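# Structural overview
Here is how the chains run, residue by residue.
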Amino acid sequence: IYPNPAKESIVIRHLSLVNTIEINDAVGKNCISIINHQSPIINIEHLPSGIYFLKTIDDKGFKQIMKFVKE
């Protein structure tokens, strides 16, 4: 994902492999859940500044977690 840190949006590379996207804050609260997102850009401007974890799940159930900072 990029940019990191981000202000308004983040971009996910290889989105075609992703089925589900979840963004959780540093304490584990789910902030955003998206299924079958077609755009590689995710708007995060409504999130407060802080550390977040983006989890992607592909159609085979493979999970990947990435950390990013929202300015």
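The structure under discussion appears in the preceding block.
Residues numbered from 1 in each chain as written. Predicted model: local features only at pLDDT ≥ 70, side-chain atom pairs only at ≥ 80, totals over all residues. Heavy atoms only, no water.

## Some words on the side chain of Asp58
Rule in force here: Where helices and strands are cited, they refer to DSSP runs of H or I of at least four residues and of E of at least two residues respectively, numbered from the N terminus. Only protein chains enter the calculation, and the probe is 1.4 Å; a residue is then buried if its accessible area is under 20% of its type maximum, exposed if over 50%, and partly exposed in between. Positive charges are assigned to Lys and Arg, negative charges to Asp and Glu, while His and the chain termini are left out of the count. By definition here, a salt bridge exists when the distance from a side-chain nitrogen of Lys or Arg to a carboxyl oxygen of Asp or Glu is within 4 Å. Pairs of N or O atoms are called polar contacts if they sit within 3.5 Å, as long as, within protein, a hydrogen donor faces a hydrogen acceptor (for residues adjacent in sequence, only side-chain-to-side-chain pairs). Any pair of residues with heavy atoms lying within 4.5 Å of one another is described as a contacting pair.
Inspection of the secondary structure puts Asp58 in strand β5 (residues 50–58). Of the buried charged residues, Asp58 lacks a salt bridge, with Lys60 as the closest side chain of opposite charge at 6.7 Å. Within the structure, the side chain of Asp58 is placed 2.8 Å from the backbone nitrogen of Phe62, a separation counted as a polar contact. Not counting the four nearest positions on each side in its chain, Asp58 is found in contact with Leu17, Val18 and Asn19.

## Concerning the environment of Leu47
Here Leu47 lies in the loop between β4 (41–43) and β5. For Leu47 and Ile10, which are 37 residues apart along the polypeptide, the C-alpha to C-alpha distance reads 12 Å. Setting aside residues no more than four positions away along its own chain, Leu47 makes contact with Ile23, Cys31, Ile32, Tyr52 and Lys70.

## Quick look at the sheet that holds β5
Strand pairing within a sheet occurs via backbone hydrogen bonds; the two strands may be parallel or antiparallel. Worth spelling out the cut-off: Here, any two strands with at least 2 DSSP bridges between them count as paired. Axes here mean lines fitted to C-alpha atoms, for a helix over just the part in contact, with angles spanning 0 to 180 degrees between N-to-C directions.
If you trace the four strands from one edge of the open sheet to the other, you get β3-β2-β5-β6, paired in antiparallel fashion. Both edges of this open sheet fall to β3 (30–35) and β6 (63–70), since each of them pairs with a single strand only. The mean angle between the axes of side-by-side strands here comes to 15°, regardless of whether they run parallel or antiparallel. Direction of pairing for strand β2 (residues 18–25) relative to β5: antiparallel, over a ladder of seven bridges. Within β5, the position partnered with Thr20 by the bridge is Ile57.

## Examining unusual backbone geometry
A cis amide bond links Tyr2 with the next residue in sequence, Pro3, at an omega value of -10°. For Pro3, the location among the structural elements is in the segment before β1 (9–11). Look at the link from Asn4 to Pro5: it is a cis peptide, with omega at 10°. Locating Pro5 in the fold gives a position in the segment before β1. In this model, Asn36 sits at a positive phi of 55°, which is unusual for a non-glycine residue. Its location among the elements puts Asn36 in the loop between β3 and β4.

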